[in-house]
Amino acid sequence: MSEQTTRIDVRKTYKLYVGGAFPRSESARSYEVHGADGGFLANASLASRKDARDAVVAARKAFGGWSTRTAYNRGQVVYRIAEVLEGRRAQFEAELRQAQGVDAAQAAASVDAAVDRLVWYAGWADKLAQVVGNANPVAGPYFNVSVPEPTGVVAAIAPTDPLLGLVSVVAPLIVTGNACVVVASEEHPLPAITLGEVMATSDLPGGVVNVLTGRRAELGPPLASHLDVDGLDLAGVSDPALATELEVLAAENLKRVRRPAPAERPEDLLAEPPLERMTTFVETKTVWHPRGL
Amino acid sequence: MLAAMAARPTLDLPDPGDVTTLDAAASDTPPAPPAPPEQLAPSRSDAELRAWLHGLPGVDQVGAERRAAMLGTRSIKTTAKAYALDLAISMVDLTTLEGQDTPGKVRALAAKAQRPDPTDRSCPRTAAVCVYGDLVGVAREAVGDSGVQVAAVATAFPSGRASLEVKLADTRDAVAAGADEIDMVIDRGAFLTGRYGLVHEQIMAVKDACRRPDGTSAHLKVILETGELATLDAVRRASVLAIDAGADFIKTSTGKVQPAATLPVTLVMLQAVRDHRERTGVMVGVKPAGGIRTSKDALKHLVMVHEVAGPDWLDPAWFRFGASTLLNDLLMQRMRLRTGRYTGSDDVTLD
């Protein structure tokens, strides 16, 4: 063909990921997302407190089925997320380069780290109980066994790092059997929604992970005060005043809260994560069982 | 279609309000609902009823759906929402109609009906508890003189497939055991095959069976089971038929058939009771049941009651919700308004 035809851009609409579907914000609001060079990238949904409420309902609904799956099966599903993410790495590298202005090698290293992190956590699925659980010696003819159980619905504020930050908070939550509502990086929300697409096609039941994009300061309080949320991960809250406010709100129904790292010692996402990421959001269940005589 | 509608006999009646809006899409000269052949007739023949019911103006389905959708977009906030939530709670017929019902479950339900939110004394009680006939005695004893009514489903609920004697015995049993309200089902098989006279007769017979020895009478709610009636035209005919036969309430569904209560169906039934009052001055209640699970659904229904039937129906005596899970959502919304915090299923009872 000699003459040039110009093809119209097919642009992706970045929506929320709630209950396994991709709805727009209930408020119909959006905000502009700019790349590292200041250029316009896309409009992201600006989620409202009602989206947060809907996401908690979806997570609560999904929790029962997800938490009762075998740990082995949860590990398989998390490993599957890693596989699908690996298959779409080119897309993530391009998005990271646009969002953060990193070069090709840095973007590739970031995706590598995210995939490796998922694989690392997938392996923990059926091993955590062996490490933090115990067969307790007791003064009677009983078996006494302590096992970690998921706490329920956990709300998380993801760190600024768009992909590795999100994976680092979500993977430990779901691998232990929790369902979560995660507020994606406010500055770089787009890779989070693309990761939602990955999770939607990875045998992860809808509602186990719900991704909201929007303002931390707007979405944090309704999630922190929500009585149907059992845990709160503040990894991405850099404002100490907001972190304190959220922790106070979370005290009402005794949520398990994971505080953000102090500003002078920021968390190194590339280092091997501490087990505490998983153990903060599990509860120890102890059962007594008569020993056969 | 137009010619057929124009050819219908019309009576000189006052402007029927919403019917005008609805039917305007189909006809420029809206046909007014024809009056029944004769007032207070003891019983009516199939032919007489067919001529009357099939002469009713047709329902514009697209228009009804659009109007229901439009009324559903009203925004109800702050004090209006608080009022509407309390009103909705006071309209709930707290229902348990399972094969696994036990006296214990009915007692728990009755306790919840009397004090839906034990942490808040300002929370209104529900209108009634609705149970199977054999559990009426238990429910009666449990609600006592709290003002919560006891409603019983009768007449071979939910299918209605039994002989008239069985249906009447079922009704008398429930009334004798202390039921304040009887929820009967119509014979949909007879209705759909055009044996309107039979349906009419059965409703009148059951109404008669609702009488107590002291001369008072249990309230009769007639379940049309709109999910099985297929069209809105049939819903309008069944509503008019049930009202004419003496129903105190018309109720959408048993809750055992999908779809149950939908907004357009309730709209048509509200029009029927409104038209009936315009014609005769007698008010009849409406009870959507089944499928209303969220506060939002309930508020949409209340908006429609206000806009279609009028504010007189915004009263537990004239409008009810047949529901089980709806109450929990209403309570959660109420707590949210009071405390500013969202609540979850841990804060309400499982039932």
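Residues numbered from 1 in each chain as written. Chains lettered and ligands numbered in written order. Predicted model: local features only at pLDDT ≥ 70, side-chain atom pairs only at ≥ 80, totals over all residues. Heavy atoms only, no water.

Things to note about the overall build of chain A
Okay, so step 1: Helices and strands together make up the secondary structure of chain A, namely ten helices and ten strands.
Okay, so step 2: Its C-alpha atoms give chain A a radius of gyration of 20 Å, within 12% of the compact-globule value 19 Å for 293 residues.
Okay, so step 3: Its C-alpha atoms give chain A principal-axis dimensions of about 90 × 40 × 40 Å.
Okay, so step 4: Within the span of chain A, comprising 293 residues, buried residues form 50% of the whole. (Helix = DSSP H or I, 4+ residues; strand = E, 2+ residues; numbered from the N terminus. Rg over C-alpha atoms; globule rule 2.2 N^0.38 Å. Buried < 20%, exposed > 50% of the residue type's maximum accessible area, 1.4 Å probe, protein only.)

What about the nonpolar core?
Okay, so step 1: Counting 96 residues, the largest nonpolar core has I182, F191, I203, V222, L302 and F321 of chain B as the members making the most contacts within it.
Okay, so step 2: Judged by nonpolar contacts, the second largest core, of 59 residues, contains I81, A113, V182 and A235 of chain A. (Core = buried A, V, L, I, M, F, W, Y, C linked by side-chain atoms within 4.5 Å.)

Quick word on the environment of D46 of chain B
Residues and elements named next belong to chain B.
Okay, so step 1: Structurally, D46 can be placed in helix α3 (residues 46-53).
Okay, so step 2: Put simply, D46 and A88 are 42 residues apart on the chain and 39 Å apart in space, counted from C-alpha to C-alpha.
Okay, so step 3: Not counting chain neighbours up to four residues away, the residues in contact with D46 comprise G194, R195, Y196, G197 and L198.
Okay, so step 4: In terms of polar contacts, D46 uses its side chain to reach the backbone amide nitrogen of G197, at 2.5 Å. (Contact = heavy atoms within 4.5 Å. Polar contact = N/O pair within 3.5 Å; in protein donor to acceptor, adjacent residues only side chain to side chain.)

Here's the deal with the packing of aromatic side chains
Okay, so step 1: Throughout the structure, instances matching the rule amount to seven aromatic pairs over all chains.
Okay, so step 2: Note on Y142 of chain A and W288 of chain A: the rings are 5.7 Å apart at their centroids and 80 degrees apart in plane angle, and the pair reads as edge-to-face. Highlighted residues: Y142 of chain A in strand β4 (residues 142-150) and W288 of chain A in strand β10 (residues 282-290), separated in sequence by 146 residues.
Okay, so step 3: Note on W288 of chain A: relative accessible area 53%, which makes it exposed.
Okay, so step 4: Chaining the aromatic ring pairs together yields one cluster made of W120, Y121 and W124 of chain A.
Okay, so step 5: Over the ring of Y31 of chain A we find R215 of chain A; its NZ or CZ atom is 4.5 Å from the centre of that ring.
Okay, so step 6: When the ring centre of F249 of chain B is taken as reference, the NZ or CZ atom of K221 of chain B above it lies at 6.0 Å. (Phe/Tyr/Trp six-rings, centres within 6.5 Å; stacked < 30°, edge-to-face > 60°. Lys NZ or Arg CZ within 6 Å of the ring centre and 35° of its normal.)

Quick notes on helix α6 (residues 103-114) of chain B
In an α-helix there are 3.6 residues to a turn, and that puts residues three or four apart on one side.
All names here are of chain B.
Okay, so step 1: For α6, with twelve residues, the first-to-last C-alpha span of 17 Å sits near the 16 Å given by 1.5 Å per residue.
Okay, so step 2: Along α6, the residues that are buried comprise V106, L109, A110, K112 and A113. Buried positions in α6, seen along its axis, are confined to an arc of 160 degrees and lie on one side of it.
Okay, so step 3: For α6, the secondary structure elements touched by its buried residues are β1 (92-95), β2 (128-132), α7 (136-143) and α14 (326-339). (Expected span 1.5 Å × (residues − 1). Arc of directions from axis to C-beta.)

Considerations on the environment of V199 of chain B
Okay, so step 1: Summarising the element assignment, V199 of chain B is placed in helix α10 (residues 196-209).
Okay, so step 2: With 40 residues separating them in the primary sequence, V199 of chain B and S239 of chain B have C-alpha atoms 12 Å apart.

Considerations on the environment of K77 of chain B
Okay, so step 1: Here K77 of chain B lies in the loop between α4 (61-71) and α5 (78-90).
Okay, so step 2: The spatial distance from the C-alpha of K77 of chain B to the C-alpha of M332 of chain B is 15 Å, given a sequence separation of 255 residues.

Topic: the side chain of S168 of chain A
Okay, so step 1: Looking at where S168 of chain A falls in the secondary structure, it is placed in helix α6 (residues 164-175).
Okay, so step 2: Discounting residues that sit within four places of it in the chain, S168 of chain A has contacts with R117, Y121, L269 and R277 of chain A.

With respect to the interface of chain B and chain A
Okay, so step 1: Taken together, the contacts link ten residues of chain B with eleven residues of chain A.
Okay, so step 2: Carbon and sulfur atoms supply 44% of the area buried between chain B and chain A, which totals about 950 Å² over both sides.
Okay, so step 3: With a closest N to O distance of 3.6 Å, R341 of chain B and E252 of chain A form a salt bridge.
Okay, so step 4: Taken together, the residues of the side of chain B that touches chain A sort by class into one nonpolar, four polar and five charged. (Buried area = accessible area lost by both parts, 1.4 Å probe. Salt bridge = Lys/Arg side-chain N within 4 Å of Asp/Glu carboxyl O. Nonpolar A, V, L, I, M, F, W, Y, C, P; charged D, E, K, R; others polar.)

With respect to the packing of helix α2 (residues 71-87) of chain A against helix α4 (residues 104-124) of chain A
All names here are of chain A.
Okay, so step 1: At their nearest, the axes of α2 and α4 sit 8 Å apart, and the two run at 165 degrees to each other. In this view, α2 runs roughly antiparallel relative to α4, as classed from their interaxial angle. Crossing of α2 against α4: the hand is left-handed. Where α2 approaches α4, its residues G75, V78, Y79, I81, A82, L85 and E86 are matched on the opposing element by A114, V115, L118, V119 and A122.
Okay, so step 2: A breakdown of the residues in the contact of α2 with α4 according to their chemical character gives ten nonpolar, one polar and one charged. (Axes fitted to C-alpha atoms, helices over the stretch in contact; angles between N-to-C directions. Parallel < 35°, antiparallel > 145°, perpendicular 65-115°, else oblique. Left-handed = near helix turned anticlockwise from the far one by under 90°.)

Brief notes about the confidence of the model for chain B
Detailed reading of the predicted coordinates is not advisable wherever pLDDT falls low.
Residue and element names in this part refer to chain B.
Okay, so step 1: Residues with a pLDDT of 70 or more make up 88% of chain B, whose mean pLDDT is 89.
Okay, so step 2: When pLDDT is averaged over each element of chain B, strand β7 (residues 285-287) comes out on top at 97 and helix α1 (residues 2-7) at the bottom at 42.
Okay, so step 3: For the stretch residues 1-30, pLDDT sits under 50, and the model shows 46 contacts to residues farther than four places along the chain or on other chains.
Okay, so step 4: Interface confidence for the predicted complex, expressed as ipTM, amounts to 0.84; the pTM equals 0.86. (pLDDT = per-residue confidence, 0-100.)

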